[in-house]
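Here is what each chain is made of, one letter per residue.
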Amino acid sequence: MKTNREILVTLSDELFDRMRLQAQELHIPLKWLVAGLVCDTIDPAAESQANPTPQPARHVA
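In short, a report on the structure. Every value quoted in this text rests on a predicted model; they were computed, and no experiment measured them.

Bringing the packing of helix H1 (residues 13-26) against helix H2 (residues 30-41) into the picture now. Close contact between H1 and H2 brings their axes to 8 Å; oriented N to C, the two are set at 120 degrees. Comparing the axis directions of H1 and H2 gives the class oblique. Two packed elements cross with a definite hand, and for H1 against H2 that hand is right-handed. Contacts from Leu-15, Phe-16, Met-19, Arg-20, Gln-22, Ala-23 and Leu-26 in H1 reach Leu-30, Leu-33, Val-34 and Leu-37 in H2. In terms of residue class, the contact of H1 with H2 is built from nine nonpolar, one polar and one charged.

And the structure:
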């Protein structure tokens, strides 16, 4: 499924450095930590009110 959404994230130098170090310690890409931060920040209820178009459910196995 293609998506047309894009999220731009701006991190302070201090937060970027801290997350980069944590990503290295965990042996994962920095963008995974940033994606987790974004997902933890987004309010799905507010998103559904702002975009009333029904979205298909996604299931992760």
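Attention now goes to the pattern of salt bridges. Evaluation of the coordinates by the stated rule reveals one salt bridge. Across the pair Arg-20 and Asp-17 runs a salt bridge, and its minimum N-O distance is 3.7 Å. Of the two residues, Arg-20 and Asp-17 both sit in helix H1, three residues apart, roughly one turn of that helix. Note on Arg-20: relative accessible area 32%, which makes it partly exposed. Relative accessible area serves as the criterion here: at 35%, Asp-17 is assigned to the partly exposed category.

Excluding glycine, residues mostly have negative phi values, and the peptide bonds linking residues are mostly trans. One non-glycine residue, His-27, lies in the positive phi region at around 60 degrees. A relative accessible area of 72% means that His-27 is categorised as exposed.

The subject of this paragraph is the nonpolar core. Grouped together as the largest cluster of nonpolar side chains are five residues: Met-19, Ala-23, Leu-33, Val-34 and Val-38. Of all the elements in the fold, those that place two or more residues in this core are H1 and H2. In terms of residue count, H2 provides more of this core than any other element does, three residues in total. Setting aside anything within four residues of it in sequence, one finds Val-38 in contact with Ile-7 and Val-9.

Bringing a nonpolar patch on the surface into the picture now. On the surface, Ile-7, Val-9 and Ile-42 cluster together into a nonpolar patch covering about 260 Å² of accessible area. Within the secondary structure layout, Ile-7 lies in the segment before H1.

Let us now look at H2. With 12 residues, H2 should reach 16 Å at 1.5 Å per residue; the first-to-last C-alpha distance of 17 Å fits that figure. The set of residues buried in H2 consists of Leu-33, Val-34 and Val-38. Taken end-on, H2 shows its buried residues confined to a sector of 140 degrees, consistent with a single buried face. More than 90 degrees from the buried face of H2, the exposed residues found are Trp-32, Cys-39 and Asp-40. Looking at the buried residues of H2, the elements they touch are H1.

Cut-off values and rules
- Residues numbered from 1 in each chain as written.
- Predicted model: local features only at pLDDT ≥ 70, side-chain atom pairs only at ≥ 80, totals over all residues.
- Heavy atoms only, no water.
- Axes fitted to C-alpha atoms, helices over the stretch in contact; angles between N-to-C directions.
- Helix = DSSP H or I, 4+ residues; strand = E, 2+ residues; numbered from the N terminus.
- Parallel < 35°, antiparallel > 145°, perpendicular 65-115°, else oblique.
- Left-handed = near helix turned anticlockwise from the far one by under 90°.
- Contact = heavy atoms within 4.5 Å.
- Nonpolar A, V, L, I, M, F, W, Y, C, P; charged D, E, K, R; others polar.
- Salt bridge = Lys/Arg side-chain N within 4 Å of Asp/Glu carboxyl O.
- Buried < 20%, exposed > 50% of the residue type's maximum accessible area, 1.4 Å probe, protein only.
- Core = buried A, V, L, I, M, F, W, Y, C linked by side-chain atoms within 4.5 Å.
- Patch = residues over 30% accessible without salt bridge, like charges linked within 9 Å, V, L, I, M, F, W, Y side chains within 5 Å.
- Areas by Shrake-Rupley, 256 points an atom, 1.4 Å probe, with all protein chains shown as cover.
- Expected span 1.5 Å × (residues − 1).
- Arc of directions from axis to C-beta.

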